[in-house]
Structures are given as C-alpha cells and as structure tokens.
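# Structure at a glance
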Amino acid sequence: MSRKITVIPGDGIGPDIVKSALAILEKAGCEFEYEFVDAGLTALEKTGELLPQATLDAIANNGVTLKGPLTTPVGEGFTSINVSLRKRFGLYANLRPVKSFKGTQARYDNIDIITVRENTEGMYSGLGQKVSEDGSEAEAMSKITRAGAERIVRFAYDLARREGRKKVTAVHKANILKSTSGLFLKVAREIAEEYPDIESAEMIVDAACMRLVMNPEDFDVLVTTNLFGDILSDLCAGLVGGLGMAPGANIGKDCAIFEAVHGSAPDIAGKNLANPSSVILAAIQMLEYLEMPEPAERITRALADVIESGDRTTRDLGGSHGTTDFTDAVIERL
Ligand code: NAI
Ligand code: MG
C-alpha cells in the first residue's frame, strides 16, 4: 500500500508551489496517496477556523505532512498557526538546511549548513505574556528545560552522525542570559561528551552572526534555542540566495511537517512568479525522513541542474521565467 501524506496547499503562492513539488515527486516515481486539507486563511474563509479539526486529524493520522505557507491574519487575536501546530504536535526540532546551488546570485558557492532549532521553548514558549493596562510595560517569559535542551542537542548530534557531518556548534548567549541560555549551554557541553567522534564547538550568538557572514565554511551543524534559531536560519538562507531556497522540517516523536521557510508572498501570489524550490527542497527533506534517498538525490540533481544552467529560472534567481516553466524544466531532467 502506498504511503499516505497530508498536503496543505496553503495561502497566497502556496497552492502553486505545492502543486509544483507534487508534480516533481510524481515524475520521480514516488507513489504517495495524498489527503488534501486546508489551514490558514483558506480554511478560515471556508470553515470559520484557521485550523479545522479535519486538518488536525489528517496531520495526526498520516504522520507526515507537506505544507505550503499560511497567512496568519494580523491583529485579530489569532495566534500564529505555525506556532500552534508545533506546540500541538510536539514538533520540537526545526531543521533548516541551506546548501549552495551554483547559478544563484548568492555570495557563496560552498555552503552546506543545517540549523537545528529548538521549536517549542525559549522566548517563543508564549508563557507569561503581559502588557500593563496603560500600555507602558510589557513582559514575556522564556523557559528552557533540561529535558528540552537534551532532546534537541541529542537530535543535532544524531543527525550529524547519520549524515556524516563533522562538527556541531552550540549557539547561545549564556554570558548575559545566565539562567536560560546558561542551562542550554551546560546541557550542550554534557551531551557533547557523549559524541567524541563529532567535533563540538560553542559560540555566542552575536559572534556567530558575524562569523556566519564572514566565514560560513567554518560551520556545519548549528544547534540553538528557539529565537536564535529563527534568526540564524534566515541569515543562513541569505547566504545561499534567499528564502526561495530555504526549506524547513518540523519534527516530533511521531509526526513531521515539511514546509517552505518563507511566507505566502501576497505581493506575487497568483502571478506565476514564485520560486517553488523551497517546497521542492522540503519535499526532498520529507523523502529523506521517509528513508527514500534515491528519489531525494535524483530530484536534488535535477533542481541543481536547472538552477545552474539558468535555463528557465524564476526572477529571484536572476531568470525571467515563471513557476510553471521552472517546474517543467525540473520535470524534463527527471
Ligand atoms: P514572505 O516570506 O511571504 O515574503 C517576503 C518577500 O519574499 C516577498 O517580497 C515575497 O515576494 C518574497 N518571496 C517569498 N517567497 C518567495 C518565493 N518562493 N519566490 C519568490 N519570492 C518569494 O513574508 P511576508 O510578506 O512577511 O509574509 C506574508 C504572509 O506569510 C504573512 O501573512 C505571514 O504571516 C505569512 N508567513 C507564513 C509563514 C509560514 O507559513 N511558514 C512564514 C512566514 C510568514
Ligand atoms: Mg522565521
């Protein structure tokens, strides 16, 4: 029986770039059965809810989800759908790989970095959010647990071993955030001892930003807390040509959601201008998760070849073609 996968086409450019990724998966011979469900603005319009129960059920039942970007309406008391999904399904690890593709207008062509971001704690835990009545003061709580830190740091080292990577750098701010970042760093040092075969490093987050821009080749796996991981992974995406080239996986104990890192790009939605690479790369991450390395490698090669040749690339990659032409170019190479 073929594997069943939940697909959320999403909002804005979502449906077009997800369609592109599914066509490429099909051409690569992946026989999945898809269950299409809605979330975000599309769901709100159809059902009155951002995250309908049927969507939650599909995500839980199928275990693996491919998701387009979702629009969270601003200023109407809606919490971010992505944050809700991560919490609800315990998706504690956010993996954001960036790899150089020749032919982009990126500054570097030798980058292969993966950020392993803790996805449920820290500044984004949503705890203790308060604004005083007169609006003059605001506060929020950051919470790090030993269990949460251990789990994410182990995840990073296990990934490094599995993928034959050489080095794990723990990024922190323990010199100032002594309690929270301090606990994270302490745990990272302890776990590092369990992995003598992998080089361990640690770096303060601001210094890491500078080093990433100046010497990105010094980095391999980064492991860090929620807020730092959010920022660092976008910085890394910038090193390889921007958000159009950046996928992300949200992984929990028995559930995983694969997505583009960027948003629904309302400015270019419906214009056939979006670069589908981020969702294609997310689909590749999904294949790796499902232990299907063969189609993952084939799609990676086809995508790299299209980008390098500059044959039919999208505007953000320096080309003048649309989402559909770009997709066709990848499909022809498969
Ligand atoms: P955005 O990432 O949608 O767009 C930022 C800029 O990048 C825009 O100029 C856009 O045209 C461009 N861009 C994004 N993806 C592209 C692609 N694949 N190809 C070519 N250009 C691309 O960020 P923005 O505008 O701040 O957010 C729009 C909406 O997306 C908001 O409602 C926000 O809440 C949501 N969002 C959703 C995310 C998710 O579902 N994972 C993540 C970030 C934002
Ligand atoms: Mg972000």
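Residues numbered from 1 in each chain as written. Chains lettered and ligands numbered in written order. Predicted model: local features only at pLDDT ≥ 70, side-chain atom pairs only at ≥ 80, totals over all residues.

As annotated in an unreviewed UniProt entry, the chain is Isocitrate dehydrogenase from Idiomarina fontislapidosi. Turning to the chain, the UniProt annotation filed under Sequence similarities (unreviewed entry) states: "Belongs to the isocitrate and isopropylmalate dehydrogenases family." (UniProt positions renumbered as here; feature names shortened; annotations may be inferred.)

## Quick word on the overall build of the chain
Scanning the chain for helices and strands turns up 11 helices and 12 strands. Against the globule reference of 20 Å for 334 residues, the chain gives a C-alpha radius of gyration of 20 Å, in line with a compact fold. Its C-alpha atoms put the chain at 55 × 45 × 40 Å along the principal axes. The 334 residues of the chain split such that 48% are buried. Nonlocal contacts in the chain, meaning residues at least 24 apart in sequence, comprise 72% of its contacts between residues at least 6 apart. (Helix = DSSP H or I, 4+ residues; strand = E, 2+ residues; numbered from the N terminus. Rg over C-alpha atoms; globule rule 2.2 N^0.38 Å. Buried ≥ 20, exposed ≤ 12 C-beta atoms within 10 Å, placed from the backbone. Contact = placed C-beta atoms within 7 Å.)

## Some details on the site of ligand 1
Of all residues adjacent to ligand 1, which total 21 residues, the nearest are Thr-71, His-262, Gly-263, Ala-265 and Asn-275. Each residue belonging to the shell around ligand 1 can be placed in one class, and the counts come to nine nonpolar, nine polar and three charged. (Near = placed C-beta within 6 Å. Nonpolar A, V, L, I, M, F, W, Y, C, P; charged D, E, K, R; others polar.)

## Quick word on the environment of Met-123
Here Met-123 lies in strand 6 (residues 122-131). Residue Met-123 is classed as partly exposed on the basis of its C-beta count, with 18 C-beta atoms lying within 10 Å. Dropping the residues within four chain positions of it, Met-123 is found in contact with Ser-142, Asn-226 and Leu-227.

## A look at the sheet that holds strand 9 (residues 199-204)
The strands that make up a sheet pair up through hydrogen bonds in the backbone, lying either parallel or antiparallel. With respect to topology, 10 strands assemble into an open sheet ordered 2-1-3-12-11-4-5-10-8-9, the strand pairing being mixed. The strands lining the two open edges of the sheet, one partner per strand, are strand 2 (33-36) and strand 9. Going across the sheet, the axis of each strand differs from the next one's by a mean of 25 degrees, ignoring polarity. Where strand 1 (residues 4-8) lies against strand 3 (residues 64-67), three bridges are found, and the strand directions are parallel. Within strand 3, the position partnered with Ile-8 by the bridge is Lys-67. Here helix 7 (residues 205-214) sits on the sheet in contact with strand 8 (167-172) and strand 9, set at roughly 110 degrees to strand 9. (Pairing = 2+ DSSP bridges. Axes fitted to C-alpha atoms, helices over the stretch in contact; angles between N-to-C directions.)

## As for the domain arrangement of the chain
Taken as a whole, the chain is organised into domain 1 (1-103 + 242-334) and domain 2 (119-239). Taken residue by residue, the interface counts 15 residues in domain 1 and 13 residues in domain 2. Residue assignment for the side of domain 1 that touches domain 2 shows that the elements contributing at least two residues are helix 4 (81-88) and strand 4 (93-99). Broken down by element, the side of domain 1 that touches domain 2 gets its largest block of residues, four residues, from strand 4. By residue class, the composition of the side of domain 1 that touches domain 2 is nine nonpolar, three polar and three charged. (Domains from an automatic or database assignment.)

## Considerations on the nonpolar core
Ala-21, Val-153, Val-223 and Ala-283 are the most contacted members of the largest nonpolar core, which has 93 residues in total. Element by element, the count of residues in this core is highest for helix 9 (residues 277-289), at eight residues. Taken together, domain 1 (1-103 + 242-334) and domain 2 (119-239) each give at least three residues to this core, which thus spans both. Residues contacting Ala-21, with those up to four places away along its chain left out, are Leu-66, Pro-276, Val-279, Ile-280 and Ala-283. (Core = buried A, V, L, I, M, F, W, Y, C linked by C-beta atoms within 7 Å.)

## Details of the packing of helix 1 (residues 14-27) against helix 11 (residues 323-333)
In the contact formed by helix 1 and helix 11, the axes pass within 10 Å of each other and the chain directions differ by 15 degrees. In terms of their interaxial angle, helix 1 and helix 11 are classed as roughly parallel. Seen from above, helix 1 lies across helix 11 with right-handed handedness. Contacts between helix 1 and helix 11 involve Asp-16, Ile-17, Ser-20, Ala-23, Ile-24 and Lys-27 from the former and Thr-323, Thr-327, Val-330 and Ile-331 from the latter. A per-class count over the contact of helix 1 with helix 11 returns five nonpolar, three polar and two charged. (Parallel < 35°, antiparallel > 145°, perpendicular 65-115°, else oblique. Left-handed = near helix turned anticlockwise from the far one by under 90°.)

## Focus on the packing of helix 9 against helix 10 (residues 293-309)
Their axes nearest at 8 Å, the elements helix 9 and helix 10 cross at an angle of 160 degrees. Our classification of the angle between helix 9 and helix 10 gives roughly antiparallel. For the crossing formed where helix 9 meets helix 10, the hand is left-handed. Touching Ser-277, Ile-280, Ile-284, Leu-287 and Glu-288 of helix 9 are Pro-293, Pro-295, Ala-296, Ile-299, Thr-300 and Leu-303, all from helix 10. Here the contact of helix 9 with helix 10 is composed, by residue class, of eight nonpolar, two polar and one charged.

## Side note on unusual backbone geometry
The residue Asn-272 is not glycine, and still its phi comes out positive at about 60 degrees. Position of Asn-272 among the secondary structure elements: in the loop between strand 12 (256-260) and helix 9.

## Looking at helix 4
Turning to helix 4, its buried residues number three or more, namely Ile-81, Asn-82, Leu-85 and Arg-86. Projected down its long axis, helix 4 shows its buried positions confined to an angular sector of 135 degrees, all on one face. Where the residues of helix 4 are buried, they touch helix 2 (40-47), strand 11 (247-251) and strand 12. Among the residues trailing helix 4, Gly-90 stands out with phi positive, at a value near 55 degrees. (Arc of directions from axis to C-beta.)

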